[in-house]
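# Structural characterization, general
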Amino acid sequence: MSVLVTGGAGYIGSHTVAELVAAGESVVVVDNLQTGHRGAVLEAFNVPFYNCDIRDTKQLVTIMNDHAVDTVIHFAADSLVGESVTNPLKYYDDNVAATGKLLQAMVEAGVLRIVFSSTAAVYGKPSRVPISEADAKQPENPYGETKLAIERMFHWTHRAHGLSSISLRYFNAAGAHGSLPIGEDHRPESHLIPIILQVALGQRPHIQVFGDDYETPDGTCIRDYIHVMDLASAHRLAVRYLREHDAGVNAFNLGNGNGFSVNEVIEVARTVTGHPIPAQVAPRRAGDPPQLIADSSQAQQVLGWTPVRRDLATIISDAWKWHSSHPNGYDDSTR
Ligand SMILES: NC(=O)c1ccc[n+]([C@@H]2O[C@H](COP(=O)([O-])OP(=O)(O)OC[C@H]3O[C@@H](n4cnc5c(N)ncnc54)[C@H](O)[C@@H]3O)[C@@H](O)[C@H]2O)c1
Ligand SMILES: O=c1ccn([C@@H]2O[C@H](COP(=O)(O)OP(=O)(O)O[C@H]3O[C@H](CO)[C@H](O)[C@H](O)[C@H]3O)[C@@H](O)[C@H]2O)c(=O)[nH]1
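These numbers come from a predicted model, not from an experiment.

Moving on to the pattern of salt bridges. Overall, the coordinates contain 19 salt bridges when judged by the stated rule. Here Lys90 makes a salt bridge to Glu83, at a shortest N to O gap of 3.4 Å. Asp213 is paired through a salt bridge with Arg284; the nearest N and O atoms lie 3.0 Å apart. Highlighted residues: Asp213 in the loop between strand S8 (207-210) and strand S9 (222-223) and Arg284 in the loop between strand S13 (279-282) and helix H9 (297-303), separated in sequence by 71 residues. Here the residues in one salt-bridge network are Asp53, Arg55, Asp78, Glu83, Lys90 and Asp94, joined through shared partners.

Attention now moves to the sheet that holds strand S5 (residues 113-119). With respect to topology, 7 strands assemble into an open sheet ordered S3-S2-S1-S4-S5-S6-S11, the strand pairing being parallel. In this open sheet, the two edge strands, each paired with only one partner strand, are strand S3 (49-51) and strand S11 (249-254). Strand after strand, the sheet turns through a mean of 20° between neighbouring axes, direction not considered. Relative to S5, strand S4 (residues 69-74) is paired through 3 bridges, and the arrangement is parallel. Note that in S5 the partner of His74 across the bridge is Phe116. Its contacts with the sheet put helix H5 (residues 142-161) on S5, strand S6 (164-170) and S11, and the angle it makes with S5 is roughly 155°.

What follows covers the packing of helix H4 (residues 88-109) against H5. Their axes nearest at 9 Å, the elements H4 and H5 cross at an angle of 20°. Between H4 and H5, the interaxial angle falls into the category roughly parallel. Two packed elements cross with a definite hand, and for H4 against H5 that hand is right-handed. The residues of H5 that touch H4, namely those facing Pro88, Tyr91, Tyr92, Asn95, Val96, Thr99, Gly100, Leu103 and Val107, are Pro142, Tyr143, Glu145, Thr146, Ala149, Ile150, Met153, Phe154, Thr157 and His161. For the contact of H4 with H5, a count of residues per class yields 12 nonpolar, 6 polar and 1 charged.

With that settled, consider the site of ligand 1. In the vicinity of ligand 1 lie 29 residues, with Asp31, Thr35, Phe75, Tyr143 and Lys147 positioned nearest. Contact between ligand 1 and Asp31: an oxygen atom at 2.5 Å from a side-chain N or O atom of the residue. Separating an oxygen atom of ligand 1 from a side-chain N or O atom of Lys147 is a distance of 2.7 Å. When the free accessible area of ligand 1 is taken as 830 Å², the share hidden by the protein chains comes to 96%. Counting residues per element, the ones that place at least two in the shell around ligand 1 are helix H1 (11-22), S5 and H5. In terms of residue count, the dominant contributor to the shell around ligand 1 is S5 (3 residues).

Neighbouring residues of ligand 2: 20 residues in total, closest Thr119, His191, Gln208, Arg285 and Asp288. In this structure, Gln208 approaches ligand 2 through a main-chain N or O atom, which is 2.7 Å from a nitrogen atom. A distance of 2.8 Å separates an oxygen atom of ligand 2 from a polar side-chain atom of Arg223. Summarising the interface, the protein chains cover 90% of the accessible area of ligand 2, which totals 690 Å² for the free molecule. Those elements that provide at least two residues to the shell around ligand 2 are helix H6 (192-200) and S8. Top contributing element to the shell around ligand 2 by residue count: S8, with 4 residues.

Analysis parameters
- Residues numbered from 1 in each chain as written.
- Chains lettered and ligands numbered in written order.
- Predicted model: local features only at pLDDT ≥ 70, side-chain atom pairs only at ≥ 80, totals over all residues.
- Heavy atoms only, no water.
- Salt bridge = Lys/Arg side-chain N within 4 Å of Asp/Glu carboxyl O.
- Helix = DSSP H or I, 4+ residues; strand = E, 2+ residues; numbered from the N terminus.
- Pairing = 2+ DSSP bridges.
- Axes fitted to C-alpha atoms, helices over the stretch in contact; angles between N-to-C directions.
- Contact = heavy atoms within 4.5 Å.
- Parallel < 35°, antiparallel > 145°, perpendicular 65-115°, else oblique.
- Left-handed = near helix turned anticlockwise from the far one by under 90°.
- Nonpolar A, V, L, I, M, F, W, Y, C, P; charged D, E, K, R; others polar.
- Near = heavy atom within 4 Å.
- Polar contact = N/O pair within 3.5 Å; in protein donor to acceptor, adjacent residues only side chain to side chain.
- Areas by Shrake-Rupley, 256 points an atom, 1.4 Å probe, with all protein chains shown as cover.

Right, dumping it as structure tokens:
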């Protein structure tokens, strides 16, 4: 039995591949490298890699059959919130329609288990924190809307085809493997922690703090940062759960349950890096909710998941090891 990982050359996907390989799973990666990096799927893993789009149903069916795939973990997506607002149809095509093609290939190949990368963005601006899975889903951008639409596809494909699924709603993924040479390399980078670390590396003059007039103790936005290897372990457990249960349709939040403000994150990064990291207050970024904090008790109870790298200094320190040893990210010249 193998696990097919779509988007396995991306940030969270490559860390999950590392986790699965370490657990003795047989893994196959499918990635069109639109934002991923060939170098993120380490040669030492000896994992089959297909430079393939998830819309290519025919090739996916062949790959699933050739590798005796029994479960898919689906990371492949567009995930820039701002771009999704200016170009929503790209997100309906690349996220919703492309996932439809992937599910079609799975049904054709008789692969009826999927773990899906969902997001806290399905909730929009929450009415309370911590957020529970049953709370209102009111996405404020097409990115979150398309992820929610995919979650709904699982409802109907379960009824029609018996496809069982676990949607994992990540809060703010951060950090890096810590011992293997993989980490975060989005181009352009939009996430707070890697941008702060680019300031520490001298690649940017300062960090812009998007708004200091929110209704939070220090006025800056609060987020729930979750270590990428804790996300990876949740995927491993989700695969196991799907194999061992007639699981139906599930969705779980993945976060630490602790919120840190933008200013607090900058302060911890100053301590970790020993760099002053100049900060400048800038206007609010459109669509940012003041606070996002997860209630992840369901993932803990049902999957047996326990995040173990919960400390923000550990998360930033692992990210710093990656960024300081790979200041220009992956070398894509050998693609
Ligand atoms: N990074 C976060 O904080 C975060 C938070 C919540 C949810 N997510 C979701 O988690 C998933 C992974 O995020 P990431 O940060 O690792 O992103 P990423 O861009 O690093 O990884 C996505 C990978 O999918 C590949 N891909 C995209 N479209 C494809 C297609 N049509 N066919 C084949 N491959 C394709 C890309 O090349 C890339 O390697 C995404 O679905 C994202 O929406 C991320
Ligand atoms: O240069 C920056 C970058 C970010 N921020 C702030 O830092 C916080 C975190 O921002 P990120 O862009 O790192 O993360 P988001 O919370 O916006 O987004 C994350 O959570 C979303 C769900 O709400 C989506 O899932 C998305 O993919 C995921 O990256 C926000 O308050 C943002 O305004 C800054 O102040 N300056």
